[in-house]
Amino acid sequence: MLELRGVKARLGAFQLGPVDLTVDVKYLVIMGPNGAGKTSLLKATAGLLRADGSIVLDGVDISKLPPERRNIAYVPQSYALFDHMTVFSNIEFGLRMRGVPREDRRKIVVDIARRLGIEDLLQRKPSQLSGGQKQRVALARALAVRPRLLLLDEPMSGLDPDIREIALSLLRELPDEYGVSVIHVTHDREEAYSLGDKVAVMYSGRIVEVGAPDDVFRRPRHVVTAKIVGLQILSLDGGCFGVRPEDVVIGSGRFKARVLKTSRSLKGTKVLLDISGQQIWAYFDGRTDDEVEVDFRELVPLDC
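Fair warning: this is a prediction, and the values are worked out from it, not measured in the lab. (Residues numbered from 1 in each chain as written. Predicted model: local features only at pLDDT ≥ 70, side-chain atom pairs only at ≥ 80, totals over all residues. Heavy atoms only, no water.)

(A) Highlighting the side chain of N90. Note on placement: N90 falls in helix α2 (residues 87-97). What makes N90 buried here is its relative accessible area of 0%. Polar side-chain contacts of N90 include one of 3.4 Å to the backbone oxygen of M85. When near neighbours in sequence (up to four residues on either side) are disregarded, N90 contacts L81, F82, M85, P126, V137 and R141. (Helix = DSSP H or I, 4+ residues; strand = E, 2+ residues; numbered from the N terminus. Buried < 20%, exposed > 50% of the residue type's maximum accessible area, 1.4 Å probe, protein only. Polar contact = N/O pair within 3.5 Å; in protein donor to acceptor, adjacent residues only side chain to side chain. Contact = heavy atoms within 4.5 Å.)

Dropping the structure here:
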């Protein structure tokens, strides 16, 4: 289990934290927009960014330990592979730095390469690899040192759509396959919902909400979370609500709306509506008048 207690850092004009977060699941996804501080939080946890506060891993305060003694592996968004080294040398790098004997290193590298399906790539250089292959090599290098915690910074960002599902399947299996807890940073909603045992929402340097994926995505409490997971914000009858475009019913209802524009989408015609000066999108198959009546299948109450 990982506990972050009052973790904070200053990076120029940006303030990270204070962050209080308990990671008591196998796979935690931290989701938020660019600039929210997600990468900075990973680096502070790994010891790559100096931060105040306490970082406790499995009951041991590691806040003052250097990165190499924290038993944490960090995989950056770029994968940070050594271009002049073979895949084999990249994977064994951390083992060599820890003084693991050569034959033991070879056995570990071959075993983890086989398990990740990259045993036929061991003599290649990173420049000869696809994005998905680089991801597996970076994971192999991180996992070879048998960390207690694995930090993944946007690991899907460089992958083509046709291999994303394969990569998602691989990431889902990491905790059980390697006995490691994972913290995964992303701004992708589908990725967060698919992978996380829990999802933490980060905004402007702070964690604003933590919960099970269904709670965070379907029943968010905070307006910031609602916006991040794709809800539109409406003030109706003195209350603040979130609504999805597919939950807006056009053609009958208790609210009057004005149609501002329409556009095509894979889900049908998308309509921009003005309701008492508030603009929201809805889906509608058919033709609409300039003025329409609307209602809602579901409204999510929010703390605005």
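The rest of the description comes next.
(B) Summary view of the environment of L57. One can find L57 in strand β4 (residues 52-57). With a relative accessible area of 9%, L57 lands in the buried category. Each C-alpha atom, one on L57 and one on S252, is 55 Å from the other, the two residues being 195 residues apart in sequence. In this view, L57 contacts M1, L2, I62, R70, N71, I72 and R148; residues no more than four positions away in its chain are not counted.

(C) Looking closely at helix α5 (residues 161-178). Over its 18 residues, α5 runs 26 Å from end to end, which matches the ideal 26 Å to within 8%, given 1.5 Å per residue. Taken as a whole, α5 carries its principal kink of about 30 degrees at R172; the proline P175 stands between one and four residues after it. For α5, every residue scored as buried is listed here: A167, L168, L170, L171, L174, P175 and Y178. Buried residues along α5 sit against β3 (27-31), α3 (102-115), α4 (131-144), β7 (149-153), β8 (181-186) and α6 (189-195). Looking at the residues trailing α5, positive phi occurs at G179, about 60 degrees. (Expected span 1.5 Å × (residues − 1). Bend = angle between axes of the 7 residues up to and from the residue.)

(D) Seen up close, the pattern of salt bridges. On inspection of all chains with the given rule, the structure shows 19 salt bridges. Taking the shortest distance from any N to any O, the salt bridge between D176 and K26 comes out at 2.6 Å. Placement of D176 in helix α5 and of K26 in the loop between β2 (14-23) and β3 is noted, with a sequence separation of 150 residues between them. With relative accessibility at 59%, the residue D176 sits in the exposed group. You can call K26 partly exposed: its relative accessible area is 46%. Here R219 makes a salt bridge to D215, at a shortest N to O gap of 2.6 Å. On the basis of relative accessible area, R219 is assigned to the partly exposed category, the value being 47%. (Salt bridge = Lys/Arg side-chain N within 4 Å of Asp/Glu carboxyl O.)

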